[in-house]
Amino acid sequence: MIKSAIFEPNLLSMYPKSILLLIITFLCTLTVSAQYTEKINTNRPGTSQGAFSVGNNVLQLEGGFGFGKEKHKLLNTKTNVFKLDYSVRYGLLIEQLELRLNGTFRADGVKQTIGGNEEKIKRSNFEVNTIGAKYLIYDPYKRPKKDSTNYDELKSWKERYRFKWKSLIPAVSAYVGANFVSKDNPFTAPNDDTFSPKIVLMTQNNWTTSMNGNWVLVTNLIVDKVTTDDPIIGWIITSTHTINEKWAAFGEYQGQKSDFYSDNILRLGGAYLYNKDLQLDANIAFNFKDTPSIFTFSFGASYRFDWHTKDEIIEQPGLEGGIKEGEKKENENEGENEEEEQDGFDELEEGEEIENDSLKLRKTPFVNDFEDDGFREAIENDLDQRRTEERLERERIENEKIAKKEDKKFRKEEARRLKREAKEARKAEKAEIQAEKEKQKMIDDIDAELDKMEKEQGVDQELQDIDKELQELEKMEKELDSDTQDKEEKKEEEKQKEEEDVDAEYEKYQKEQEKAKKEEEKRRRKEEKRRQKEEKKRKKEEQKRKNKEEKDNKTDDSDLDKELEKIDQ
């Protein structure tokens, strides 16, 4: 129903915030697929192209209009924008080929403040008009095999719903087109060529889940206006998710880089499938810079004229075995034969043998008439055995479904029974409580009557005497309690006093310890000073001794010199 959007960003010019948003958009992506589909397959509300075409002999019109505002911080301008987008798509000759004409008309009013004056400028023109052709190069969902049945998937729920790495292989298409713009266009680069080529490489992944709906991821790598002075390099990533049969949501990140204009734009929106040929959509778009900042709101529709006559079998994602078009009738006949055989099997009495589960007399169409009968019978026996296994597996699955339904019905009835029993139990409990209340009321009434009778007979005086005795006993108990409390208070005071004496003794002990500690410190310092004094004295005596020895040495030397002088004379 919904397709992906076109991205023309450049990672080299993206900020970290932009890359983060790109990753988030990649995880939240969604889109819809296939060649010819039963429901409309449109590129809106995004701006990208899906890998699949609309289908042979199908004409599809897509369009919408939007309103927005742009603010340029450096130029100090504010612009009110109106846009009209349109696209015409037609599937020609074969399923893989599509012709496409698309364009955008824009009209805006620019308010620019220069000094104290405000100028208003109105502009309108086509931003671009492009005509081209798209061709599906590779389709991973349409590769038929001779036997596409996966028996493991029939037997195992885990095998059926496990992640398949082959689903990461995308469908690939290529688009080649030509841009046509008018001269002196205010929305294109100065001296832009009126004719320029455009090339787009498209990939598309389809993921189908049993619980979370369909997810589709589309990427477009774009090289635009390569022959002009301002070529454009960019890409678009679009993701679509089908919420239910009518509603779908999408997210798209587009970026582009050129000398004339570079930007990164994020689009978010959704679509509603009115019927199989009409879709309505809406989206918002904004960017992450202020030269200029962009915010637009758009809504539109897509409608197709379906003249498709020849259906082509497209495998469901995950069952890439495919079915050959020539084998379709054969499989239908085999299904009819299996139903007939099933009827015959049900009519057989218990104990009868089933010789064959298929029509052995009918020869298999792909077996050559010149082959020997033994080879033919071996092939037919193998086919019969496989068909029997498939039929038995289908019966088992059907029986499991019936058993689940019966179990669900039983649990529902059991829940109703429990609810009914609980309701009856609550009702019985209420009745029992009511009976208990009535019984208590009767007892109270009887007690009141007895009290009245006792009062009349003079029994009240005895009760009053008993009450007085009770009051005296309570008074005595209070006195005993007060005496006991006084004793406990005295004990508490004595205990507290003892604790205070212990505290005083402890403080005294601490003071004695501190005094002993101070005296020890004083003695230690005195010993240290005495030691230092003796050390200084020792050093002084040693120095004197050294000086004396040096003096004696000098005297000896002088005497020796004198003796030598005498000898010389």
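Residues numbered from 1 in each chain as written. Predicted model: local features only at pLDDT ≥ 70, side-chain atom pairs only at ≥ 80, totals over all residues. Heavy atoms only, no water.

Caption draft 1: Spotlight on the overall build of the protein. For the protein, the helix and strand inventory stands at six helices and 12 strands. Sorting the 569 residues of the protein into buried and exposed places 29% on the buried side. Split by element, the accessible area of the protein, about 40,100 Å² in all, is 54% carbon and sulfur. (Helix = DSSP H or I, 4+ residues; strand = E, 2+ residues; numbered from the N terminus. Buried < 20%, exposed > 50% of the residue type's maximum accessible area, 1.4 Å probe, protein only. Areas by Shrake-Rupley, 256 points an atom, 1.4 Å probe, with all protein chains shown as cover.)

Caption draft 2: Structural view of the environment of R89. Here R89 lies in strand β2 (residues 77-91). A residue is classified by how much of its surface remains accessible, and R89, at 0% relative accessible area, is buried. From its side chain, R89 meets the backbone oxygen of N41 in a polar contact 3.4 Å long. (Polar contact = N/O pair within 3.5 Å; in protein donor to acceptor, adjacent residues only side chain to side chain.)

Caption draft 3: Spotlight on a nonpolar patch on the surface. A cluster of nonpolar side chains, contributed by L61, V88, L101, I131, F180, F195, Y303, F305 and W307, occupies part of the molecular surface with about 800 Å² of accessible area. As for its position among the elements, L101 is in strand β3 (residues 97-114). With a relative accessible area of 36%, L101 lands in the partly exposed category. (Patch = residues over 30% accessible without salt bridge, like charges linked within 9 Å, V, L, I, M, F, W, Y side chains within 5 Å. Salt bridge = Lys/Arg side-chain N within 4 Å of Asp/Glu carboxyl O.)

Caption draft 4: Molecular detail of the side chain of N205. Counting through the fold element by element, N205 comes out in strand β6 (residues 195-209). Taking the relative accessible area as the measure of exposure, N205 reaches 8% and is therefore buried. At 3.1 Å, the side chain of N205 and the backbone oxygen of L168 are in polar contact. Not counting chain neighbours up to four residues away, the residues in contact with N205 comprise Y141, S167, L168, I169, P170, W215, V216 and L217. (Contact = heavy atoms within 4.5 Å.)

Caption draft 5: Spotlight on the confidence of the model for the protein. Residue-level pLDDT values for the protein average 77, and 75% of them are 70 or greater. For residues 340-371, every residue scores under 50 in pLDDT, and the model assigns this stretch 34 contacts once sequence neighbours within four places are set aside. (pLDDT = per-residue confidence, 0-100.)

Caption draft 6: Representation of the pattern of salt bridges in the model. Counting across every chain of the model gives 29 salt bridges. For R524, the salt bridge identified is with E521, shortest N-O distance 2.4 Å. Here E521 and R524 lie together in helix α6 (residues 460-568), a separation of three residues that amounts to about one turn. For R524, a relative accessible area of 44% puts it in the partly exposed group. Across the salt bridge formed by R538 and E542, the nearest N and O atoms sit 3.5 Å from each other. Pair noted here: R538 and E542 are both in helix α6, with a separation of four residues, about one helical turn. By relative accessible area, E542 is classed as partly exposed at 30%. When salt bridges that share partners are traced, they join E70, K83, R106, D108, R123 and E127 into one network.

Caption draft 7: How the structure looks around unusual backbone geometry. Each neighbour pair has its own omega, and for R44 with P45 the value is 5 degrees, a cis peptide bond. Residue P292 is reached from T291 by a cis peptide bond, and omega for that bond is 0 degrees. Within the fold, P292 resides in the loop between β11 (278-287) and β12 (293-306). Phi is positive for N57, which is not a glycine, with a value near 65 degrees. Within the secondary structure, N57 sits in the loop between α1 (16-27) and β1 (58-72).

Caption draft 8: Structural view of the environment of K111. Examined against the element boundaries, K111 turns out to sit in strand β3. Taking the C-alpha atoms as reference, K111 lies 5.5 Å from T77; in sequence the two are 34 residues apart. Excluding residues that lie within four positions of it along the chain, K111 makes contacts with N76, T77, K78, E118, E119 and K120.

Caption draft 9: Region of interest: the packing of aromatic side chains. Applying the stated criterion across every chain yields a total of 12 aromatic pairs. Taking 5.8 Å as the distance between ring centres and 45 degrees as the angle between the ring planes, the aromatic pair formed by F297 and F299 counts as tilted. For F297, a relative accessible area of 38% corresponds to the partly exposed category. On the basis of relative accessibility, which here comes to 33%, the residue F299 falls in the partly exposed class. (Phe/Tyr/Trp six-rings, centres within 6.5 Å; stacked < 30°, edge-to-face > 60°.)

Caption draft 10: A look at the pairing of β11. The alternating pattern of β11 places Q279, D281, N283, A285 and N287 on a buried face, while none of L278, L280, A282, I284 and F286, on the opposite face, is buried. Taken together, the 10 bridges between strand β10 (residues 263-275) and β11 define a ladder with antiparallel strand orientation. By the bridge assignment for β11, R267 is matched with A285. Here β10 folds back onto β11 in antiparallel fashion, the turn holding two residues. (Pairing = 2+ DSSP bridges.)

Caption draft 11: View of a positive patch on the surface. A surface patch of positive charge is lined by K69, K71, K78, K111, K120 and K122. Elements with a contribution of two residues or more to the positive patch: β1 and β4 (117-138). Among the residues examined, K111 registers a relative accessible area of 34% and is labelled partly exposed. (Lys, Arg positive; Asp, Glu negative; His and termini not counted. Charge placed at Lys NZ, Arg CZ, Asp CG, Glu CD.)

Caption draft 12: Seen up close, the pairing of β12. Taken together, the 14 bridges between β1 and β12 define a ladder with antiparallel strand orientation. By the bridge assignment for β12, F67 is matched with F297. What sits between β11 and β12 in their antiparallel hairpin is a turn of five residues.

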